[in-house]
Amino acid sequence: MRGLGVPAALAAAVLLLAGCGGGSTNEGTLPIPAGGDDPSSTGTPTPSGSESTQTIEPTGPATAKPKAQVIVVPGNFADNPAVQGFVTTYPIYFKALVARDSKAVRSYFPGFFYADTAIGIDEAKRNGWVMRPPGSIVVVGVEQQPQGIVRLRTCRSQTTQYWNPKTRQWVRVTPKGAPDVYDMVKTGLGWMPYRQQAQIPKPYSCANVHYPA
């Protein structure tokens, strides 16, 4: 009988532990939630309608690119490096004209160009004259000048406009466009306007020029 005493005690201990487990197969490794579901279950939960994983592609139209304030037409001189520089830099100058901000010209262009244009910009601001985009400018001639300067003859579709209170309309002073002459110089940043000629050296007409804007 003494040889059976130890196995009987072990058997009693096993029965006691089984009674405390409540018949669950969790074996104490994970807590059982109040709902009674065992978190060890391998079932995949079904998402509710508000938590659907379906991806909905946007159907709205793409955002339209903003229109350019000015169109620069190189004319027959697209291969000329000075004209290429003018095509790149003139929109920056035109933006300053629209904003009537001479400081923008001073911060980007050579000092002589700022001196040639700042007075006109500041005067337009004082008098309430405006540039109303879109506009366009067309290169109609190229002349080589001393000291590496390239002179561009251009025609721009509009100059500053003023408000007529009687007709309640903006008045375009030059409805057929106006000539502008720019001297271009090559700088460390490429070709840029160096001077704007206040007096047209060789007068020319812009009446027959086609402006895209």
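The structure presented is a predicted model; accordingly, all values stated were derived computationally and were not measured. Position numbers for residues count from 1 along each chain, tracking the sequence in the order it is written. Side-chain atom pairs in this predicted model are given and counted only at pLDDT of 80 or more, local residue features only at pLDDT of at least 70, and totals for whole chains, interfaces and linings cover all residues. Heavy atoms from the whole structure form the basis of all side-chain values; hydrogens and water molecules are not counted.

Mapped onto the fold, threonine 159 is located in the loop between strand 3 (150-156) and strand 4 (161-164). Accessible area is worked out with a 1.4 Å probe on protein chains only. A residue is then buried under 20% of its type maximum, exposed over 50%, and partly exposed in between. Under the relative-accessibility criterion, threonine 159 is labelled buried at 15%. Dropping the residues within four chain positions of it, threonine 159 is found in contact with Val130, Met131, Val173, Thr174 and Ala178. A run of H or I in DSSP counts as a helix once it spans at least four residues, and a run of E counts as a strand once it spans at least two, with each numbered from the N terminus. Should any heavy atoms of two residues lie within 4.5 Å, those residues are counted as being in contact.

Most of strand 6 (residues 178-187) is tucked away: seven of the ten residues are buried. Note on pairing: DSSP must find at least two bridges between two strands before they are called paired. Both strand 3 and strand 6 contribute to a ladder of seven bridges, which runs antiparallel. Pairing of leucine 152 across the sheet is with tyrosine 182, part of strand 6. Hairpin connection, strand 6 to strand 7 (residues 190-196): the antiparallel pair is bridged by two residues.

As a further point, take the sheet that holds strand 3. If you trace the five strands from one edge of the open sheet to the other, you get 1-2-3-6-7, paired in mixed fashion. Strand pairing shows two members of the sheet lacking a second neighbour, strand 1 (70-73) and strand 7, which therefore form its edges. Strand-to-strand, the axes of this sheet are offset by a mean angle of 35 degrees, without reference to chain direction. In this structure, strand 2 (residues 135-144) lies alongside strand 3, joined through seven bridges in antiparallel fashion. Bridge pairing in strand 3 places glutamine 144 opposite valine 150. Every axis in this analysis is a line fitted to C-alpha atoms, fitted for helices over the stretch in contact. Angles between the N-to-C directions lie between 0 and 180 degrees. Sheet contacts for helix 4 (residues 111-127): strand 6 and strand 7; angle to strand 7, the most-contacted strand, approximately 40 degrees.

A few words on the pattern of salt bridges. Only one rule defines a salt bridge in this text: a Lys or Arg side-chain nitrogen within 4 Å of an Asp or Glu carboxyl oxygen. Under the definition given, this model contains four salt bridges. The residue arginine 195 makes a salt bridge to aspartate 116 at a minimum N-O spacing of 2.6 Å. With arginine 195 in strand 7 and aspartate 116 in helix 4, the pair connects residues that are 79 residues apart, well separated along the chain. For aspartate 116, a relative accessible area of 27% puts it in the partly exposed group. Glutamate 143 is the salt-bridge partner of arginine 153, the closest N and O atoms lying 2.7 Å from each other. Here arginine 153 is found in strand 3, whereas its partner glutamate 143 is found in strand 2, with ten residues between them in sequence. Exposure remark for arginine 153: the relative accessible area of 22% places this residue in the partly exposed category.

Distances and angles like these do not, on their own, reveal function.
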